[in-house]
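A closer look at the structure
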Protein chains: 2
Amino acid sequence: MLALRLIERKRDGGHIEPGEWRALAYAYAAGHVPDYQMASFLMACFLRGLDRSETHALTDAMLRSGDTLELGYLNRPRIDKHSTGGVGDKVSIVLAPLIASLGVAVPMMSGRGLGHTGGTLDKLESIPGFDTNMALYEARKLLETLNCALFGQTEEIAPADRKMYALRDATGTVESIPLIAASIMSKKLAEGLTGLVLDVKRGSGAFLPDLERGLELANTMIALGADQKCPVVALVTAMDRPLGRACGNALEVEESIAALKGEGPADLMDVTYALGAEMLLLADVTKDRAEARAMMEAQIASGKAAEHFQRIIEAQGGNPSVVDDPAILPQSKEVELFVAARRGFISRVEPRTIGRGIAALGGGRTKMEDKLDLSVGFVITARPGDWVEQGEPIATIFARDRSGVESGRATLRAAVTIADEAELPLPLVSHRVTSAGVEVLAR
Amino acid sequence: MLALRLIERKRDGGHIEPGEWRALAYAYAAGHVPDYQMASFLMACFLRGLDRSETHALTDAMLRSGDTLELGYLNRPRIDKHSTGGVGDKVSIVLAPLIASLGVAVPMMSGRGLGHTGGTLDKLESIPGFDTNMALYEARKLLETLNCALFGQTEEIAPADRKMYALRDATGTVESIPLIAASIMSKKLAEGLTGLVLDVKRGSGAFLPDLERGLELANTMIALGADQKCPVVALVTAMDRPLGRACGNALEVEESIAALKGEGPADLMDVTYALGAEMLLLADVTKDRAEARAMMEAQIASGKAAEHFQRIIEAQGGNPSVVDDPAILPQSKEVELFVAARRGFISRVEPRTIGRGIAALGGGRTKMEDKLDLSVGFVITARPGDWVEQGEPIATIFARDRSGVESGRATLRAAVTIADEAELPLPLVSHRVTSAGVEVLAR
């Protein structure tokens, strides 16, 4: 009866009170509200919207439906980074050990890939033995000793959100800014953070391609953080092309290790340093952005960042020699070059096409149950704006068999456009959003 | 995947094609689309609306998801009457035998009561032995011999609608005019009608209290009928007070029998004759409304209408002597008068309060599984506008025990208002709606 009343009220544009959000979230998590009632309610939320107090109450209700990390006893700043997701986005794997090596706790709870975007958990699991399943007390222990835990949403964390997210995925109610913001923030707040840096992707490969919607999401999450005394800073970064060169699970881990050793591609490093600087500023490790960047560069140059990643890998059951010898990562059977069909400027490398192409190779999911081949993917060396000659290699295809190679060729033919004129890509890091407002960094 | 695509399209205000409605309705009836996806889709339909072609396609898809009566071989007009539902509305029980006795086939598929409104099936089942469960071939046989079958929606008829209606009831998606119209018309068209008369109730006790919404429903159903070559005529009638005096299952059957014998209350007879005349005109039994009324009055005066009801009762397994001796209907243990608390004009008899009061006595449902006590209810002799003295009996309570009598008193105290000034009730039959437009009969 409660659910039906709330459905009807939201349907008619009414307001749901904090106590009602809590009752609904608890009842749903406990199985007392059937999926069909929640589905109807979520569609009403999608179409009628949630005001700020409702979004806050929903976040809080989902957060309190489960356990939290409770890390206050660490007496250290606890900062996480969250990305809205994209193709080739391996920043978490570089940032977590890098920032942890600088004395900041990074309780990084991540997700799996779905649709055209990859997931940090899948990528990490390409390291032999690496285990991302852990209970909260285990994550706490890792944070005590290494300032870092790389793990998945446990059953204990925000169970109402877990269940609701799966339902939204099946009922056409995903792309709602209040529902997205509440879902992300309920999990992030469960990490017991003292600050959160948000990477809001924009461009054709982003979950919300429009800048305006991205900024709306950022502002919603900043407000939710403020309500819970967790400052949130967002950077808007480009996802009109893949980030870095490697796209595919093991390939991205290899590129991340290279980045931790100072050999990462420039765009990946720029985004990593920009987000990392915000983390260090929030953690009060320094008050100066240039100094923050210098600190990170020094950790990489000295080998301390890579070494810290090695310790994390070992602590999570993985084979730490991967850092010295990436060849122990899963290797695809077929490796083949892809060359430019004509001379000209690389004008587009379409991330959605690449992301779907990885899934077609067996390296991504269309359903949550899909088993992945972690070895497959693409390394795309040509960047938008590059001049290429006909026949020049612009990418490498990693596939499990010949038909995979053919599928990979088709993907690259569709994703990469070569034209007579160069097209201006989006600036890599374009906006900085805080509770004080939006700062334009590049146009 | 189909369902998710259609959810997203309707959510974004798009159009669903006829073939897609059919695929969705079939897949849902067959269990291939889960309830949670249909619930989300129905909420999107509720909030985004359906255009005329979509409403038509949904009706057609639900109609074709099951069997139909196929009565063309009868070579007789086949006319039904449908009411949007109210309190004390026993018109179907009077009209069906009356019109059938005049040579028109009346394949009357009815429903059960839910919430504050009663249902024809429940009422008829108060006749000892009367069976409303039958297969379509049995209904056809009754229509061949007696021009009338009084039955419930079988499993064979519009299974997609059956399932969808139950889901709408639980998911806050009932009060949508296109969904209501499609649900009713898919069942009515399955009766193989040559015409349909619609009784659209308005006023506080109606499902859609506003005249405007009632007219919108009428026009939607008229258009759906036209699409399927089934002319529909609607009358708007008053439901700001109960119809007739008896409210409650067996009590209403008793009043219906009285009506068939020429002893019905004036308001019940007026509505019955008005709707019956439309049925006879649609059936082309006569072209003149006054003649239609005279024919019906003659059937009642001669005893032929009551006799025809007796035959129908017998054919459906009921005890036909009920027509001569209504005392064989279930009798409540407690019968008590209710008197006016003050002198004045009866200004309101609130039908929703009465309807809920019947449910409180055990004679109505809040859930579809509830078992009913068919004997309980009210006979309310005072009508809005009547002058009453303090202590004058204005109603009788029929209850199963003393606490029922107390509950009945509370109901009547809340439902009946006595004031110094008479309030003008709604005109009994106010509008006639056809495909040609709306005719105002009374203001």
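Residues numbered from 1 in each chain as written. Chains lettered and ligands numbered in written order. Predicted model: local features only at pLDDT ≥ 70, side-chain atom pairs only at ≥ 80, totals over all residues. Heavy atoms only, no water.

Things to note about helix α11 (residues 249-260) of chain B
Owing to its 3.6 residues per turn, the α-helix aligns residues three or four sequence positions apart on the same side. Residue and element names in this part refer to chain B. Rules: Starting at the N terminus, helices and strands are each numbered in turn, a helix being any DSSP run of H or I of at least four residues and a strand any DSSP run of E of at least two. The span expected for a helix works out to 1.5 Å for each residue beyond the first. Classification of residues uses two cut-offs on accessible area relative to the type maximum, computed with a 1.4 Å probe and protein chains only: under 20% is buried, over 50% is exposed, and between them is partly exposed.
Along its 12 residues, α11 runs 17 Å from first to last C-alpha, staying within 8% of the 16 Å computed at 1.5 Å per residue. Along α11, the residues that are buried comprise N249, A250, L251, E252, V253, E255, S256, I257, A258, A259 and L260. Once α11 finishes, G262 follows within two positions and takes phi at roughly 90°, a positive value.

A look at the confidence of the model for chain A
Note the cut-off: Each residue carries a pLDDT score, the predictor's own confidence in it, on a scale running from 0 to 100.
Looking at chain A, pLDDT values average 95 and 100% of them are 70 or higher. Predicted as a complex, the structure gets a pTM of 0.88 and an ipTM equal to 0.86.

Thoughts on the domain arrangement of chain A
Residue and element names in this part refer to chain A. Definition in use: An automatic or database domain assignment provides the domain bounds reported here. Contacts are residue-level and defined by heavy atoms, with any inter-residue pair within 4.5 Å sufficient. When two parts are brought into contact, each loses some accessible area as probed by a 1.4 Å sphere; the total of that loss over both is the buried area. Salt-bridge detection follows one rule: a side-chain nitrogen of Lys or Arg within 4 Å of a carboxyl oxygen of Asp or Glu. Classification used: nonpolar for Ala, Val, Leu, Ile, Met, Phe, Trp, Tyr, Cys and Pro, charged for Asp, Glu, Lys and Arg, polar for all others including Gly.
What the domain assignment lists for chain A is domain 1 (2-49), domain 2 (72-156 + 164-325 + 428-440) and domain 3 (331-419). Inter-centroid distance (C-alpha atoms) of domain 2 to domain 3 is 25 Å. With 27 residues of domain 2 at the interface, the matching set in domain 3 holds 26 residues. When the two sides are added together, the surface that domain 2 and domain 3 hide from each other amounts to roughly 2,000 Å², 57% of it contributed by carbon and sulfur. Considering only the side of domain 2, the residues that lose the most area to domain 3 are H116, R245 and L251, jointly responsible for 26% of the buried surface there. At the junction of domain 2 and domain 3, the tally comes to 2 salt bridges. Here D267 makes a salt bridge to R383, at a shortest N to O gap of 2.7 Å. Secondary-structure elements contributing two or more residues to the side of domain 2 that touches domain 3 are β6 (246-247) and α11 (249-260). Broken down by element, the side of domain 2 that touches domain 3 gets its largest block of residues, 3 residues, from α11. When its residues are assigned to classes, the side of domain 2 that touches domain 3 shows 11 nonpolar, 9 polar and 7 charged.

Digging into the packing of helix α9 (residues 177-190) of chain A against helix α10 (residues 211-227) of chain A
All names here are of chain A. To keep it simple, the criterion reads: Every axis corresponds to a line fitted to the C-alpha atoms, with the helix fit spanning only the stretch in contact, and the corresponding angles, defined between N-to-C directions, vary from 0 to 180 degrees. When an angle is under 35 degrees it counts as roughly parallel; over 145 it counts as roughly antiparallel; between 65 and 115 it counts as roughly perpendicular; any other value is oblique. Handedness of a crossing follows from how the near helix is turned relative to the far one, being left-handed for an anticlockwise turn of less than a right angle and right-handed for a clockwise one.
At a minimum axis separation of 9 Å, α9 and α10 run at an interaxial angle of 45°. Regarding the angle of α9 to α10, the classification is oblique. In this structure, α9 crosses over α10, and the sense of that crossing is right-handed. When α9 is examined against α10, the residues I177, I180, A181, A182, I184 and M185 are found in contact with a partner set consisting of R213, E216, L217, T220, M221, L224 and G225. Taken together, the residues of the contact of α9 with α10 break down into 9 nonpolar, 2 polar and 2 charged.

Thoughts on the interface of chain B and chain A
A common way to report how large an interface is uses the accessible area buried once the components associate. Each partner contributes residues to the interface: chain B has 21 residues there, and chain A has 21 residues. Among the residues of chain B in contact with chain A, R11, Y36 and L47 of chain B are the three that bury the most area, contributing 35% of the side total. Our count for the contact surface shared by chain B and chain A stands at 2 salt bridges. In this structure, E175 of chain A engages R11 of chain B in a salt bridge whose closest nitrogen and oxygen atoms are separated by 3.4 Å.

Looking at the packing of helix α1 (residues 2-11) of chain A against helix α3 (residues 35-48) of chain A
Residue and element names in this part refer to chain A. Contact pair α1 / α3: the axes reach a minimum separation of 9 Å and the direction vectors enclose 20°. Between α1 and α3, the crossing angle belongs to the class labelled roughly parallel. The chirality of how α1 crosses α3 is left-handed. For the pair formed by α1 and α3, the contact residues are A3, L4, L6, I7, K10 and R11 on the first element and Q37, S40, F41, A44, C45 and R48 on the second. Looking at the contact of α1 with α3 residue by residue, the class counts come to 7 nonpolar, 2 polar and 3 charged.

Examining the relation of the copies chain B and chain A
Short version of the rule: Least-squares superposition aligns the copies on the C-alpha atoms of those residues with pLDDT at or above 70 in both.
Superposition record for chain B on chain A: RMSD 0.1 Å, screw rotation 180°, translation along axis 0.1 Å. Expressed as an axis order, the relation between the two copies is that of a two-fold axis. When each C-alpha of chain B is compared by its distance to the rotation axis, Y36 of chain B comes out closest, at 2.0 Å.

Concerning the sheet that holds β6 of chain A
Residues and elements named next belong to chain A. Selection criterion: Only strands that DSSP links by at least two bridges are regarded as paired with each other.
Pairing is antiparallel across the open sheet formed by 4 strands, whose spatial order is β6-β9-β11-β7. Edge positions in the sheet fall to β6 and β7 (334-339), since each of these pairs with one other strand and no more. Seen against the sheet, helix α15 (residues 351-361) touches β6, β9 (377-380) and β11 (393-399) and runs at an angle of roughly 140° to β9.

Digging into the pattern of salt bridges
Across all of its chains, the model carries 70 salt bridges over all chains by this definition. A salt bridge links R293 of chain B to E297 of chain B; the nearest nitrogen and oxygen atoms lie 3.2 Å apart. Here R293 of chain B pairs with E297 of chain B, and both are found in helix α13 (residues 289-301), just 4 residues apart, close to one helical turn. Accessibility expressed as a relative area gives 30% for R293 of chain B, which makes it partly exposed. Taking the relative accessible area as the measure of exposure, E297 of chain B reaches 35% and is therefore partly exposed. Connected through salt bridges with shared partners, the residues E334, E336, R402, E406 and R409 of chain A form a single ionic network.

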